[in-house]
Amino acid sequence: MAGRRLLILGGTGEASALARALAEAGDWAVTTSLAGRTRTPAALPGAVRIGGFGGADGLAAYLRAERIDRVIDATHPFAATMSANAAAACARLGLPLLRIERPAWSPAPGDRWIDVADAGAAADWLVAALPAGSAVLLTLGRQEVAPFQRCPDLRFVLRSIEAPAAQDLPPDCLLLSERGPFTLHGERALIDRHGIRAIVAKNAGGDATAAKLAGAREAAIPVLMIRRPAPPAMSDATGAVADIAGALDWLSRPR
Ligand code: NAP
């Protein structure tokens, strides 16, 4: 019977895989927390709660009320606010916290990556570099699209799990509501079909969405790579691992 209580801050493939692995082992009572960004999240074993906690204070109150023993931050590498709140709340309560930090992508020979700080900087580069009428593939979340409204002369193909609000879209924008994993074959076809001249991506890392990088390399088109936010400061009770094997090992050790 599972006695120890684990909170997984989720929203990633790693978080789901970890919840599944722990459900099989049965040593931990697992709750996965989702931000609620997608309306139809994939089914998960264990308990699931959805929506913000109300900052670090709200999270600390939740952890206390639910008598959570450990926390694993398996959020997306760009979910910096949630990670900072987790670090602050766990430090305050003296709770062990582990972060799963998926390794970032790095360029391979033949890649033409433009390192940018955010979607706004990517939009500025596109306006300066591409002729009017060029097609650009945006592989971003629905909250990051609005800056591309400053590129009214470009054509966009936006691939996103959920459609953004209509008022956030650039004027010429085709929506593709798709969830990875994506194949190189599929990415090649997408680049050809739409005559894509540049791709905008976040440096999410991982295999599920990496095929677009090989597709861009083959097509000799630039990738505007939005760099990751800085990871949260770590306390003594915090560690980081690269994958769920590291997380399972951490959970198997006494605190
Ligand atoms: P964020 O900026 O770190 O979080 C904003 C707020 O959302 C948090 O302060 C928290 O609200 C709530 N939140 C985030 N993750 C949560 C979780 N697992 N459980 C409960 N509440 C959570 O992150 P974001 O706004 O979700 O996304 C930032 C970036 O990450 C974007 O680039 C997005 O595309 C990318 N991303 C996020 C997810 C995801 O599932 N969140 C998945 C894929 C990509 P309170 O302060 O009220 O607790």
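Residues numbered from 1 in each chain as written. Predicted model: local features only at pLDDT ≥ 70, side-chain atom pairs only at ≥ 80, totals over all residues. Heavy atoms only, no water.

1. Let's talk about the environment of I196
Put simply, the rule reads: Strands are runs of DSSP state E lasting at least two residues, helices are runs of H or I lasting at least four, and both sets are numbered from the N terminus onward. Burial classification: accessible surface area is computed with a 1.4 Å probe over protein chains only, and a residue below 20% of its type maximum counts as buried, one above 50% as exposed, and the rest as partly exposed. A contact between two residues is defined here by any heavy atoms of the two lying within 4.5 Å.
The topology assignment puts I196 in strand β10 (residues 196-202). You can call I196 buried: its relative accessible area is 1%. Look past the residues within four positions of I196 in its chain and what remains in contact with it is A135, V136, L137, V157, L190, I191 and I221.

2. Thoughts on the packing of aromatic side chains
Keep this limit in mind: To pair, rings of Phe, Tyr and Trp, with the six-membered ring standing in for Trp, must have centres within 6.5 Å; the planes then decide the type, stacked if under 30 degrees apart, edge-to-face if over 60, and tilted in the middle. Here, a charge over a ring means that NZ of Lys or CZ of Arg falls within 6 Å of the ring centre while also lying within 35 degrees of the ring normal.
Throughout the structure, instances matching the rule amount to 2 aromatic pairs. Residue placement shows R49 over the ring face of F53; its charged tip is 3.9 Å from the ring centre. A cation sits over an aromatic face here: R49 above Y62, 5.4 Å from the ring centre.

3. So, the domain arrangement of the protein chain
Threshold: Domain boundaries shown here were taken from an automatic or database domain assignment. Using a 1.4 Å probe, buried area is obtained as the accessible area two parts lose upon being combined, added over both of them. Salt bridge criterion: a side-chain nitrogen from Lys or Arg within 4 Å of a carboxyl oxygen from Asp or Glu. Side-chain classes follow a simple rule in which Ala, Val, Leu, Ile, Met, Phe, Trp, Tyr, Cys and Pro form the nonpolar group, Asp, Glu, Lys and Arg form the charged group, and the remainder, Gly included, forms the polar group.
What the domain assignment reports for the protein chain is domain 1 (5-103 + 230-252) and domain 2 (113-226). For domain 1 and domain 2, the distance between their C-alpha centres works out to 29 Å. Summed over both partners, the interface of domain 1 with domain 2 comes to about 850 Å²; 47% of that surface belongs to carbon and sulfur atoms. Between domain 1 and domain 2 we count 0 salt bridges in total. The residue makeup of the side of domain 1 that touches domain 2, split by class, is 3 nonpolar, 3 polar and 3 charged.

4. Some words on the side chain of R102
Stated formally: Under the rule applied, a polar contact is a pair of N or O atoms within 3.5 Å (in protein, one hydrogen donor and one hydrogen acceptor; residues adjacent in sequence only if both atoms are side-chain atoms).
Tracing the backbone through its elements, the reader meets R102 in the loop between β5 (97-100) and β6 (113-116). Side-chain polar atoms of R102 contact the backbone oxygen of G205, separated by 3.4 Å. Apart from residues no more than four positions distant in its own chain, R102 is found in contact with T12, E14, P77, A204, G205, G206, R228 and A242.

5. Considerations on the pairing of strand β4 (residues 70-73)
Put simply, the rule reads: Only strands that DSSP links by at least two bridges are regarded as paired with each other. Crossover handedness is defined here as right-handed if the route from the first strand over the helix to the second strand goes clockwise, with the strands pointing away from the viewer.
Side chains R70 and I72 project from β4 onto one buried face, and the interleaved V71 and D73 project onto a second face that is buried too. Pairing geometry for strand β1 (residues 4-9) and β4, over 4 bridges, is parallel. Looking at the pairing, I8 lines up with I72 of β4. Bridge count for β4 against β5 is 3 bridges, and the pairing is parallel. Looking at β5, one finds that I72 is bridged to L98. Since β4 and β5 lie parallel, the crossover through helix α3 (residues 80-93) that links them has a hand, and here it is right-handed.

6. Topic: empty space enclosed by the protein
Inclusion rule: A cavity here means a set of points on a 1 Å grid, drawn over the protein atoms and nothing else, where a 1.4 Å probe fits but cannot get out; a pocket is an open set with protein on both sides within 12 Å along at least five of seven lines, and a residue lines either one if it has an atom within 4 Å of a point. Grid points are joined across faces, edges and corners, and a volume is the space filled by probe spheres set on the points.
Here the structure, examined in full by the defined rule, presents 2 cavities of 30 Å³ or more. Approximately 50 Å³ is the volume found for the largest cavity. Along its surface, the largest cavity is lined by D73, S83, A87, L97, R99, P232, A233, M234 and T238. Elements that contribute at least two residues to the lining of the largest cavity include exactly α3 and β5. A breakdown of the residues in the lining of the largest cavity according to their chemical character gives 5 nonpolar, 2 polar and 2 charged. Of the voids in this model, the second largest cavity is the one considered here, and its volume is about 40 Å³. A per-class count over the lining of the second largest cavity returns 3 nonpolar, 2 polar and 2 charged.

7. As for the sheet that holds strand β7 (residues 135-139)
Note the following rule: The convention used is that axes are lines fitted to C-alpha atoms, helices contributing only their stretch in contact, and that angles between N-to-C directions extend from 0 to 180 degrees.
Taken in spatial order, the 6 strands of this open sheet run β6-β11-β10-β7-β8-β9, and their pairing is parallel. Edge positions in the sheet fall to β6 and β9 (173-177), since each has one partner strand and no second. When strand polarity is set aside, the average angle formed by the axes of neighbouring strands in this sheet is 20°. Across 4 bridges, the pairing between β6 and strand β11 (residues 223-226) is parallel. Opposite V116, over in β11, you have I226 as the bridge partner. Against the sheet, helix α4 (residues 119-129) engages β6, β7, β8 (155-160), β10 and β11, with an angle of about 160° to β11.

8. A word on the site of the ligand
To keep things clear, this is the line we draw: A single heavy atom is enough: if one lies within 4 Å of a molecule or strand, its residue is considered near that molecule or strand. Note on areas: Shrake-Rupley, 1.4 Å probe, and residue coverage restricted to the protein chains presented here.
Neighbouring residues of the ligand: 23 residues in total, closest S33, R37, F53, E144 and K202. The separation between an oxygen atom of the ligand and a polar main-chain atom of F53 is 2.7 Å. N85 places a side-chain nitrogen or oxygen 3.5 Å from an oxygen atom of the ligand. Bound to the protein, the ligand loses 80% of the 820 Å² it would expose on its own. For the shell around the ligand, the secondary-structure elements that each account for two or more residues are β2 (28-34) and α3. Among the elements that line the shell around the ligand, the one with the most residues is α3, at 4 residues. Two domains each put at least three residues into the shell around the ligand: domain 1 (5-103 + 230-252) and domain 2 (113-226).

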